[in-house]
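What follows is the residue order along each chain.
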Amino acid sequence: MDNKGFDEMLATNGPMLVRIAASYEMQPAAREDLLQDITLALWRALPQWRRDASVRSFVARIAHNRCVNHIVAQKRHRHEVAIDEAVIDHSADPHRDAVNHQRYERLQHALRRLPLGHRQAITLALEGFSHVEIADALSVKVNTVDARISRARRTLHDYLEERT
Amino acid sequence: MKSRDSWENLMRDWQAGSPSFDIAALRKRADRKRRRMLIFTALDFIAAPIFTVLLVWMGVHSRFGDGSPAPWLLIALVWVATLVPAWLRFSTLNADTMGAVGMLRLTIKRARTGMHFVWIVPLLLFFAYAIMTPMFSQMWTQGDAAQQRAVVRSMVANSVVCGAVIIWAIWYGRRQWRKLRQAQALLKQWEQDIGDDQ
């Protein structure tokens, strides 16, 4: 894949990368660093991408791995901090923006409380990945994905109820 | 369950978090970071042969040439200090395409290697220092004033280097220990998930 192809891949998957990065790192400067790491890792890993495999799953796998590495390298697990508003696309309707922001923050807060394996599976499900694609992206069996998503959804709803 | 938390609504909330995304700026910053990493790696590999040539020259032509193993130990030290971090860096290249478990296990292995490495460097340095001490001592007792000043300067310089190495070793060791603990905790959490899921 050449530079143009890489840029196209980034353009297509960029919003997903930012959402995944935001589910691990809420501080804007640290998230920016994390996104740079993900971009570099994608660039390095591209030669290993099999053309028959889904590029979206490949990108998601690299992103989650970099994010796990980011957690490992953190001095300590950070406490929850407010999501900066830059994560949300702004529209002409400030009230709708505020509601979207609140709902997104509530969801991210709940997601970040999930165990790692559940969080990884459910963020990809929220992106619209099929269970087979999630299994491919996370290198686990499909029945593991089924079980994780089912449990994660239940737990997620409990956490969302708490935040209501 | 409230309808606003239906799966469809959660997916919509999640995807509404689509940020504006400046690819050109991100690419530029990532490229800059990549170039910086390449420069540091290149410097490591340029510096190691230069130090090796200098130390071989010292071993053959200087006072060290009286059979002291110091230059050869220092050559070993230079290469250990070059190759171990390089191995630690390059071993991560394939990690990004592994699953999370493979990557966490590799991280644990790397952190353990890093913790072993951190002991090797100060030990080699102090060993080399201990070997050089009799030579300094001889220069001090049998040399003239100029040689004695040279000994003092060398001792001060070596002490500064040793102090810096100790500080670095403590910082690096703590960092590796923290990584080891975090990776072990995440791996345990992941394996617990698998156990619960089955």
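Residues numbered from 1 in each chain as written. Chains lettered and ligands numbered in written order. Predicted model: local features only at pLDDT ≥ 70, side-chain atom pairs only at ≥ 80, totals over all residues. Heavy atoms only, no water.

Chemist: Account for the overall build of chain A, with residues named and values stated.
Modeler: The number of helices and strands found in chain A is 7 helices and 0 strands. What you see in chain A, going N to C, is helices and strands ordered as α-α-α-α-α-α-α. Taking all contacts inside chain A whose residues are at least 6 apart in sequence as the whole, residues at least 24 apart take part in 69%. (Helix = DSSP H or I, 4+ residues; strand = E, 2+ residues; numbered from the N terminus. Contact = heavy atoms within 4.5 Å.)

Chemist: Just give me the short version of the packing of helix H2 (residues 28–45) of chain A against helix H3 (residues 55–73) of chain A, but keep the residues and values in it.
Modeler: Residues and elements named next belong to chain A. Taken N-terminus to C-terminus, the directions of H2 and H3 make an angle of 130 degrees; their axes are 9 Å apart at the nearest point. It follows that H2 is oblique to H3 by the angle criterion. The crossing of H2 and H3 is right-handed. Touching Ala 30, Leu 34, Asp 37, Ile 38, Ala 41, Leu 42 and Ala 45 of H2 are Phe 58, Val 59, Ile 62, Ala 63, Arg 66, Cys 67 and His 70, all from H3. Of the residues belonging to the contact of H2 with H3, the class tally is 11 nonpolar, 1 polar and 2 charged. (Axes fitted to C-alpha atoms, helices over the stretch in contact; angles between N-to-C directions. Parallel < 35°, antiparallel > 145°, perpendicular 65-115°, else oblique. Left-handed = near helix turned anticlockwise from the far one by under 90°. Nonpolar A, V, L, I, M, F, W, Y, C, P; charged D, E, K, R; others polar.)

Chemist: Outline the packing of aromatic side chains, listing residues and values.
Modeler: Summed over the entire model, instances satisfying the criterion amount to 4 aromatic pairs over all chains. Ring centres of Phe 6 of chain A and Trp 43 of chain A lie 4.7 Å apart, and the angle between their planes is 75 degrees; this geometry places the pair in the edge-to-face category. You can see Phe 6 of chain A sitting in helix H1 (residues 3–24) and its partner Trp 43 of chain A sitting in helix H2, a full 37 residues away along the chain. Assessed through its relative accessible area of 1%, Phe 6 of chain A is described here as buried. With a relative accessible area of 24%, Trp 43 of chain A lands in the partly exposed category. Taken together, a centroid distance of 5.0 Å and an interplanar angle of 15 degrees make the contact between Trp 168 of chain B and Tyr 172 of chain B stacked. Of this pair, Trp 168 of chain B and Tyr 172 of chain B both sit in helix H5 (residues 145–197), 4 residues apart, roughly one helical turn. Judged by its relative accessible area of 30%, Trp 168 of chain B falls in the partly exposed class. The rings of Trp 168, Trp 171 and Tyr 172 of chain B are connected pair by pair, giving a single aromatic cluster. (Phe/Tyr/Trp six-rings, centres within 6.5 Å; stacked < 30°, edge-to-face > 60°. Buried < 20%, exposed > 50% of the residue type's maximum accessible area, 1.4 Å probe, protein only.)

Chemist: Tell me what's going on with the pattern of salt bridges, and back it up with residues and numbers.
Modeler: Under the definition given, this model contains 11 salt bridges over all chains. Note that Asp 136 of chain A and Arg 61 of chain A form a salt bridge whose closest N and O atoms lie 4.0 Å from each other. Note that Asp 136 of chain A is positioned in helix H6 (residues 131–138) and Arg 61 of chain A in helix H3, a separation of 75 residues in sequence. Between Arg 12 of chain B and Asp 13 of chain B there is a salt bridge, with the nearest N and O atoms lying 3.6 Å from each other. One salt-bridge network, in which partners are shared between bridges, spans Asp 7 of chain A together with Arg 27, Asp 31 and Arg 34 of chain B. (Salt bridge = Lys/Arg side-chain N within 4 Å of Asp/Glu carboxyl O.)

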